[in-house]
Amino acid sequence: MSDTTTAPALAETIGAALAIAADTASGGNAEDRKEIRAITDAMIRLLAGVPLHSDGQLTVKSLAAESQLKRHKLTHKHTGLKDLFYALVRSQDHRPQIAQDLKEDNDRLRGQMASLREDHRKLKERLATFARVIHVLEVENHQLRQAQPGGVVRAFPERQQ
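What counts, and where the lines are drawn
- Residues numbered from 1 in each chain as written.
- Predicted model: local features only at pLDDT ≥ 70, side-chain atom pairs only at ≥ 80, totals over all residues.
- Heavy atoms only, no water.
- Helix = DSSP H or I, 4+ residues; strand = E, 2+ residues; numbered from the N terminus.
- Buried < 20%, exposed > 50% of the residue type's maximum accessible area, 1.4 Å probe, protein only.
- Contact = heavy atoms within 4.5 Å.
- Areas by Shrake-Rupley, 256 points an atom, 1.4 Å probe, with all protein chains shown as cover.
- Core = buried A, V, L, I, M, F, W, Y, C linked by side-chain atoms within 4.5 Å.
- Axes fitted to C-alpha atoms, helices over the stretch in contact; angles between N-to-C directions.
- Parallel < 35°, antiparallel > 145°, perpendicular 65-115°, else oblique.
- Left-handed = near helix turned anticlockwise from the far one by under 90°.
- Nonpolar A, V, L, I, M, F, W, Y, C, P; charged D, E, K, R; others polar.
- Salt bridge = Lys/Arg side-chain N within 4 Å of Asp/Glu carboxyl O.
- Expected span 1.5 Å × (residues − 1).

Looking at the overall build of the chain
Thought 1: Across its full length, the chain holds 6 helices and 0 strands.
Thought 2: Counted from the first residue to the last, the chain has its helices and strands arranged as α-α-α-α-α-α.
Thought 3: Here the chain, with 161 residues, has 25% of them falling under the buried criterion.
Thought 4: Across the chain, the fraction of contacts at a sequence separation of at least 24, relative to all contacts at a separation of at least 6, is 55%.
Thought 5: Taken as a whole, the chain presents about 11,500 Å² of accessible surface, with 56% of it coming from carbon and sulfur.

As for the nonpolar core
Thought 1: In this structure, Met 43, Leu 63 and Phe 85 are the most contacted members of the largest nonpolar core, which totals 16 residues.
Thought 2: Only helix H2 (30–48), helix H3 (60–67) and helix H5 (79–91) provide two or more residues apiece to this core.
Thought 3: If one sorts the elements of this core by residue count, H2 sits on top with 6 residues.
Thought 4: Filtering out sequence-adjacent residues up to four positions away, Phe 85 remains in contact with Met 43, Leu 46, Leu 47, Leu 58, Thr 59 and Leu 63.

Re the environment of Arg 159
Thought 1: Checked against the element boundaries, Arg 159 lands in the segment after helix H6 (97–147).
Thought 2: Taking the relative accessible area as the measure of exposure, Arg 159 reaches 57% and is therefore exposed.

Let's talk about the packing of H2 against H5
Thought 1: Between H2 and H5, the least distance of the axes is 11 Å, while the angle of their chain directions is 15 degrees. For the element pair H2 / H5, the angle class is roughly parallel. Relative to H5, H2 is oriented so that their crossing is right-handed. Along the contact surface, H2 presents Ile 36, Ile 39, Met 43, Leu 46 and Leu 47, while H5 presents Leu 81, Leu 84, Phe 85, Leu 88 and Val 89.
Thought 2: Considered class by class, the residues forming the contact of H2 with H5 number 10 nonpolar, no polar and no charged.

Concerning the pattern of salt bridges
Thought 1: Using the criterion set out here, one finds 9 salt bridges in the structure.
Thought 2: Among the salt bridges present, the one from Glu 35 reaches Lys 77, with a minimum N-O distance of 3.1 Å. Separated by 42 residues along the polypeptide, Glu 35 in helix H2 and Lys 77 in helix H4 (residues 71–77) bring together distant segments of the chain.
Thought 3: For Lys 77, a relative accessible area of 40% puts it in the partly exposed group.
Thought 4: With its nearest N and O atoms 3.7 Å apart, the salt bridge here joins Arg 108 to Asp 105. Here Asp 105 and Arg 108 lie together in helix H6, a separation of 3 residues that amounts to about one turn.
Thought 5: Take Arg 108: its relative accessible area is 44%, and that puts it in the partly exposed class.

Observations regarding H2
Thought 1: Helix length check: H2 (19 residues) gives 27 Å between terminal C-alpha atoms against 27 Å at 1.5 Å per residue, within 8%.
Thought 2: Those residues of H2 lying buried are Asp 32, Glu 35, Ile 36, Ile 39, Thr 40, Ala 42, Met 43, Ile 44, Arg 45, Leu 46 and Leu 47.
Thought 3: Positive backbone phi, at 85 degrees, marks Gly 49, one or two positions downstream of H2.

Details of unusual backbone geometry
Negative phi values dominate among residues other than glycine, just as trans dominates among peptide bonds.
Thought 1: Notably, Gln 68 is not glycine yet its phi reads approximately 60 degrees, a positive angle.
Thought 2: With respect to the secondary-structure elements, Gln 68 resides in the loop between H3 and H4.

Structure below.
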């Protein structure tokens with residue numbers, strides 16, 4: 001069995017065993033079996049990276065959403081299944097495909113954002129430079145007009161830089 005199918009297969013086997021245990025235990029009823037089956041199926045889908053009803057994250061919140069049960073069913077009633085889920089998550093050394101895709105998208109978007117911020121910074125510097133140039137030209141133009149009202153315009157000597 002490959003690493004990518006170990007956790008889902010293990011979840012399915014343990015879920016089936018728990019459903020049988022719920023059948024034989026005193027107080028086990030059809031509702032409990034139904035909840036156990038729903039949680040187990042949700043575990044399998046999440047661990048395999050193919051969620052149907054949740055965001056695919058490996059959390060109790062997503063497990064509850066995926067199993068279409070209230071979260072308190074996992075945190076108070078079926079705590080063993082919750083603990084099993086977390087143990088299976090920790091035992092996996094890979095990330096579900098949906099989480100991997102989201103991470104790659106996030107990394108790509110962060111790179112684009114950094115690039116855009118750098119472009120923005122450079123454009124702001126250019127804008128400040130152009131504003132200073134325009135201001136100097138306006139001052140020089142004003143000085144030319146003041147120095148020679150109605151007369152011939154003379155060029156200023158070139159500036160040494």
